[in-house]
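Spelled out from the first residue to the last, the chains are:
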Amino acid sequence: MLRSLVGSEMCIRDRYQRRVRGNRPSAMAMEASLEHDLAGLSTQYSCEKLVLAEGTKLLTFGSNLSAVETTTGSSVPLDQGWKNVVAATTVVDAGANVTAVVAVTSCGVKPSTGNVWKVSPEVTLLSDEDWGNTTGVFSIKGIEGFIGIVCSSKLYLMNLEDGKYEEVVPDGGYPNGSAKGACAAPPNGCYVAYSTSKFGGRGDLWKIDLLTKIKEPVSVDQGAMWGGCDHLNYHAGQVYGFGHSDGVIKVNPKSIDKKTTVTSNANDLMEGEVAMSDLYNANAICSDGFVMFAAVNNNFSDNVLYLSLIHI
């Protein structure tokens, strides 16, 4: 089961509602209600301290929705019931200000069943269509008020106010293959990895503009392993692909040759540092524009979520 990690300068503030039935609640009920309120106040206080703290804040989706302050690693639980998140993203406006966090969940017996939620500043259901097969959701800086979604190898634009959406079919049709990971391609597009082989993970990387509907090949027919990349991230002018056993691959989409390479191991790692190549199987990736962060699930029995700082 995938976990999603989102960089954010926002934090959800828990809202607790207490209902005590009857005119004369028992001492046990009153004590339980008091403990509940104190726990709520404690969480709210911790959340406010985290919001005011310096550094990047992250929202992690797992058995609990939690906020993480990356400088100290302190974590505050915010809500429950988000363990089925398959993709998530921050929403930014034209000024690069974070305005919301959106998450896509998979639910029900049928894998394709799923929902799109606006998680912050308030939890709002945007759409309850078949979003369970979503492989990427991203903010589009140049199209304010909308997000992009790649689901079942199709590309969509969704309105963040009413949840209405429309399919965006690239000129000439979709690229060959099945869509895998996807990420934003500033200002108006996205990068999408396509699997073109049934075995081995070979595939291509394309850029698609959601306004003009023009698709551009970034790494096509080069024998690269983009088809094995479940997660993409655009960071510092490079597109990084995570998920293939060969390692973390990257390409500069604006370079002349657009050659895909595998990240190499660092030779001078300090104690506690992690080489990027060791994080090829990351469950989720995000960037705050300066640093990339990876969530790695190293324990399948209890689904513990680990946070690792990536050195490029």
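Computed from a prediction, not measured in an experiment: that's the story for all the values here. (Residues numbered from 1 in each chain as written. Predicted model: local features only at pLDDT ≥ 70, side-chain atom pairs only at ≥ 80, totals over all residues. Heavy atoms only, no water.)

## A few points about the overall build of the protein
Moving on, step 1. The helix and strand inventory of the protein stands at one helix and 24 strands.
Moving on, step 2. When each of the 312 residues of the protein is scored for burial, the buried share is 45%.
Moving on, step 3. Partitioning the intrachain contacts of the protein with sequence separation of at least 6 by distance along the chain shows that 42% fall at a separation of at least 24.
Moving on, step 4. Of the roughly 16,300 Å² of accessible surface on the protein, a fraction of 49% belongs to carbon and sulfur atoms. (Helix = DSSP H or I, 4+ residues; strand = E, 2+ residues; numbered from the N terminus. Buried < 20%, exposed > 50% of the residue type's maximum accessible area, 1.4 Å probe, protein only. Contact = heavy atoms within 4.5 Å. Areas by Shrake-Rupley, 256 points an atom, 1.4 Å probe, with all protein chains shown as cover.)

## Some points on the sheet that holds strand 12 (residues 165-167)
Moving on, step 1. With antiparallel pairing, four strands are arranged side by side in an open sheet as 9-10-11-12. A single partner strand is all that each edge strand has here, and the edge strands are strand 9 (134-139) and strand 12. Going from strand to strand, the sheet's axes swing by 25° on average, the running direction of each strand aside.
Moving on, step 2. Sheet topology note: the strand 10 (residues 146-151)/strand 11 (residues 154-159) ladder contains six bridges and is antiparallel. What sits directly across from V150, in strand 11, is L155. (Pairing = 2+ DSSP bridges. Axes fitted to C-alpha atoms, helices over the stretch in contact; angles between N-to-C directions.)

## Points about the nonpolar core
In a soluble, globular protein the nonpolar side chains are often hidden away together inside.
Moving on, step 1. Ranked by internal contacts, the top residues of the largest apolar core, which has 16 residues, are V102, V116, W131, V137, I147, I149 and M158.
Moving on, step 2. Secondary structure elements with two or more residues in this core: strand 5 (85-92), strand 6 (98-106), strand 10 and strand 11.
Moving on, step 3. In this structure, V137 is in contact with A87, A88, T89, V102, V104, I147, G148 and I149, ignoring residues within four places of it in sequence.
Moving on, step 4. Membership of the second largest hydrophobic core comes to 15 residues, among which are F138, I143, V192 and W206. (Core = buried A, V, L, I, M, F, W, Y, C linked by side-chain atoms within 4.5 Å.)

## Structural notes on the environment of V68
Moving on, step 1. Relative to the helices and strands, V68 is located in strand 3 (residues 64-69).
Moving on, step 2. A residue is classified by how much of its surface remains accessible, and V68, at 9% relative accessible area, is buried.
Moving on, step 3. Taking the C-alpha atoms as reference points, V68 and L58, separated by ten residues in sequence, lie 5.0 Å from one another.

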